[in-house]
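Architecture and fold: a report
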Amino acid sequence: MDGDFTLKKISIAVLGSDGQLGNEFRRLAPSFEFCHFDFFTRHILDISDIEALKRVFLDKNYDYVSNCAAYTAVDKAETDVENCYAINATACANLAKTLIQADTKLIHFSSDYVYHSYNGFPLREDGTLNPKGVYASSKLEGENLIRATGIPALILRTSWVVSSFGHNFVKTMLRLGQERPTISVVNDQYGAPTFAKHLAIAVLDIILQTSSNPGKENLFNDTYNYANEGIITWYDLATQIMAFQNLPCKVMPILSKDYPTPAVRPHWSVLSKLKIKKAFNIEIPHWYTAISECLDDISNKK
Ligand SMILES: NC(=O)c1ccc[n+]([C@@H]2O[C@H](COP(=O)([O-])OP(=O)(O)OC[C@H]3O[C@@H](n4cnc5c(N)ncnc54)[C@H](OP(=O)(O)O)[C@@H]3O)[C@@H](O)[C@H]2O)c1
């Protein structure tokens, strides 16, 4: 029987591809041969440039855009309000409006900071939202503006992102652990790290499920939490990192009030992952696995 059995690849554009998450998509791309990826660093596509968004996305109708671009300098944002909102809110709205015209679905990343509330249980997507500070408020505004456009969007709220790329807590601890005999780390903020690679794999899994099963499109168009499993404080995490790496540095627990920062941090960033696990039947690795894989990645780069 004759026929054209050429399968059309799923086309995915990754924005902010020089960041932690964007780099993980880049690294995973060769393993996902049924997808075609284009990567856009800030230099290639500044998402706050509305004409550039139109040029890129109205010309080429991607199936999905994964928006890893964000203003993530949480403390700097307190005095750089306009830029933070321009990227995390206005640009995201403009991106969504452009993608609707191109019939492209959006994957967008938000933050545990939008919750900033505590009820004794892991934070659910439909729970209280009480963002404090410019970055947190700009991330919630970005979510809301995207939803208001009506675009099919998967919005993923994540926490404590770590990887072998860019700047993050794991890399800071490794550096300080080699430089200092003791360090103080806050022990009253609870949450879980998110290994950017695990998050990127989950996103690609969801894309595949949505593309091969139109019944899943309603599930795609929703807001979910994603972090690695388990609960830990930054202090415990730092202690584990020193132990994993056999670093002699002693980690001292302190309270957040003794480590003031321009932007206030939530004490409770424990995200419920029930909704995403049920919707897409995904397994989420424990933070212990996440941190040991992340440390391996960092060692392998040396
Ligand atoms: N990192 C965390 O702990 C954390 C926690 C919760 C949620 N999140 C969210 O998770 C997502 C991914 O975070 P990440 O850790 O991968 O962030 P990241 O490493 O800071 O990467 C963000 C990337 O966005 C780029 N970018 C900034 N402004 C841009 C613009 N106008 N146009 C295009 N690109 C721009 C940055 O480029 P430059 O470096 O050149 O500025 C950077 O490459 C973000 O939405 C973030 O808000 C992160």
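The paragraphs below set out a description of the structure included in this document. (Residues numbered from 1 in each chain as written. Predicted model: local features only at pLDDT ≥ 70, side-chain atom pairs only at ≥ 80, totals over all residues. Heavy atoms only, no water.)

Quick look at the overall build of the protein chain now. Counting secondary structure elements, the protein chain contains 10 helices and 12 strands. Over its C-alpha trace the protein chain gives a radius of gyration of 19 Å, about what one expects of a compact globule, namely 19 Å for 302 residues. C-alpha extents for the protein chain along the principal axes are approximately 70 × 45 × 40 Å. Here the protein chain holds 302 residues, and the buried ones make up 53% of them. Within the protein chain, contacts between residues separated by at least 24 positions form 84% of all contacts whose residues are at least 6 apart in sequence. (Helix = DSSP H or I, 4+ residues; strand = E, 2+ residues; numbered from the N terminus. Rg over C-alpha atoms; globule rule 2.2 N^0.38 Å. Buried < 20%, exposed > 50% of the residue type's maximum accessible area, 1.4 Å probe, protein only. Contact = heavy atoms within 4.5 Å.)

This part takes up unusual backbone geometry. In terms of backbone geometry, most residues other than glycine have negative phi values and most peptide bonds are trans. Despite not being glycine, H116 shows a phi value in the positive range, around 40 degrees. Structurally, the position occupied by H116 is in the loop between strand 4 (105-111) and helix 4 (134-149). Despite not being glycine, N246 has its phi angle at roughly 55 degrees, a positive value. Its location among the elements puts N246 in the loop between helix 8 (234-244) and strand 12 (250-254).

This paragraph deals with the sheet that holds strand 2 (residues 35-40). As summarised here, the arrangement of the 6 strands in space is 2-1-3-4-5-10, forming an open sheet in which the pairing is parallel. Looking along the sheet, the strands with just one partner apiece sit at the ends: strand 2 and strand 10 (223-226). Across the sheet, the axes of successive neighbouring strands diverge by a mean angle of 20 degrees, strand direction being ignored. Where strand 3 (residues 64-67) lies against strand 4, 4 bridges are found, and the strand directions are parallel. Each residue of the ladder has a partner; that of N67, found in strand 4, is H108. Contacts between helix 3 (residues 81-101) and the sheet are confined to strand 1 (10-15), strand 3 and strand 4, with strand 4 contributing the most and set at about 165 degrees to the helix. (Pairing = 2+ DSSP bridges. Axes fitted to C-alpha atoms, helices over the stretch in contact; angles between N-to-C directions.)

This part covers the nonpolar core. Counting residues in each nonpolar core, the largest one holds 33 residues, and the members touching the most others are I12, F25, F37, I107, F109, L156 and I276. Among the elements of the structure, strand 1, helix 1 (20-28), strand 2, strand 4, strand 5 (153-158), helix 6 (196-212), strand 10 and helix 9 (274-280) are those that each provide at least two residues to this core. For this core, the element with the most residues is helix 6, which contributes 8 residues. Among residues more than four places away in sequence, those in contact with I276 are L156, I206, Y224, N225, Y226, N281, I282 and I284. The next biggest cluster of nonpolar side chains, apart from the first, holds 31 residues, and it includes A13, L53, F57 and Y71. (Core = buried A, V, L, I, M, F, W, Y, C linked by side-chain atoms within 4.5 Å.)

With that out of the way, let us pick up the packing of helix 5 (residues 169-179) against helix 8. Helix 8 packs onto helix 5 with a crossing angle of 55 degrees between their chain directions and a minimal axis gap of 10 Å. Between helix 5 and helix 8, the angle is such that the two are oblique. Crossing angle aside, the handedness with which helix 5 passes helix 8 is right-handed. From helix 5, F169, V170, M173, L174 and G177 reach across to helix 8, where they touch W234, L237, A238, I241 and M242. A class-by-class count of the residues in the contact of helix 5 with helix 8 yields 9 nonpolar, 1 polar and no charged. (Parallel < 35°, antiparallel > 145°, perpendicular 65-115°, else oblique. Left-handed = near helix turned anticlockwise from the far one by under 90°. Nonpolar A, V, L, I, M, F, W, Y, C, P; charged D, E, K, R; others polar.)

Counted under the stated rule, the structure contains 15 salt bridges. The residue E179 makes a salt bridge to R175 at a minimum N-O spacing of 3.7 Å. Of the two residues, E179 and R175 both sit in helix 5, 4 residues apart, roughly one turn of that helix. The exposure class assigned to R175 is partly exposed, which follows from its relative accessible area of 43%. Across the pair E229 and K273 runs a salt bridge, and its minimum N-O distance is 3.6 Å. Here E229, found in the loop between strand 10 and strand 11 (232-233), pairs with K273, found in the loop between strand 12 and helix 9; they are 44 residues apart in sequence, far enough to count as distant. (Salt bridge = Lys/Arg side-chain N within 4 Å of Asp/Glu carboxyl O.)

What follows concerns helix 1. Most of helix 1 sits inside the fold, with 7 of its 9 residues counted as buried. When helix 1 is considered as a whole, its buried residues turn out to be Q20, L21, G22, N23, E24, F25 and L28.

Before going further, it helps to spend a moment on the packing of aromatic side chains. This model, assessed by the stated rule, comprises 14 aromatic pairs. Between F40 and Y62, the ring centres sit 6.4 Å apart and the planes meet at 85 degrees, which makes this aromatic pair edge-to-face. Separated by 22 residues along the polypeptide, F40 in strand 2 and Y62 in the loop between helix 2 (50-57) and strand 3 bring together distant segments of the chain. Judged by its relative accessible area of 10%, F40 is buried. Between the aromatic rings of W160 and W234, the centroid separation amounts to 3.6 Å while the plane-to-plane angle is 20 degrees, which identifies the pairing as stacked. One end of the pair, W160, is in the loop between strand 5 and strand 6 (161-162); the other, W234, is in helix 8, with 74 residues separating them in the sequence. (Phe/Tyr/Trp six-rings, centres within 6.5 Å; stacked < 30°, edge-to-face > 60°.)

Around the ligand, 24 residues are found, and the nearest of them are R42, D46, T72, Y135 and K139. Within the backbone of G19, an N or O atom sits 3.1 Å from an oxygen atom of the ligand. One of the side-chain N or O atoms of K139 is found 2.8 Å from an oxygen atom in the ligand. Surface burial for the ligand is 80%, taken as the share of its 900 Å² of free accessible area covered by protein chains. Mapped by element, the contributors of at least two residues to the shell around the ligand are helix 1, strand 4 and helix 4. Top contributing element to the shell around the ligand by residue count: strand 4, with 3 residues. (Near = heavy atom within 4 Å. Polar contact = N/O pair within 3.5 Å; in protein donor to acceptor, adjacent residues only side chain to side chain. Areas by Shrake-Rupley, 256 points an atom, 1.4 Å probe, with all protein chains shown as cover.)

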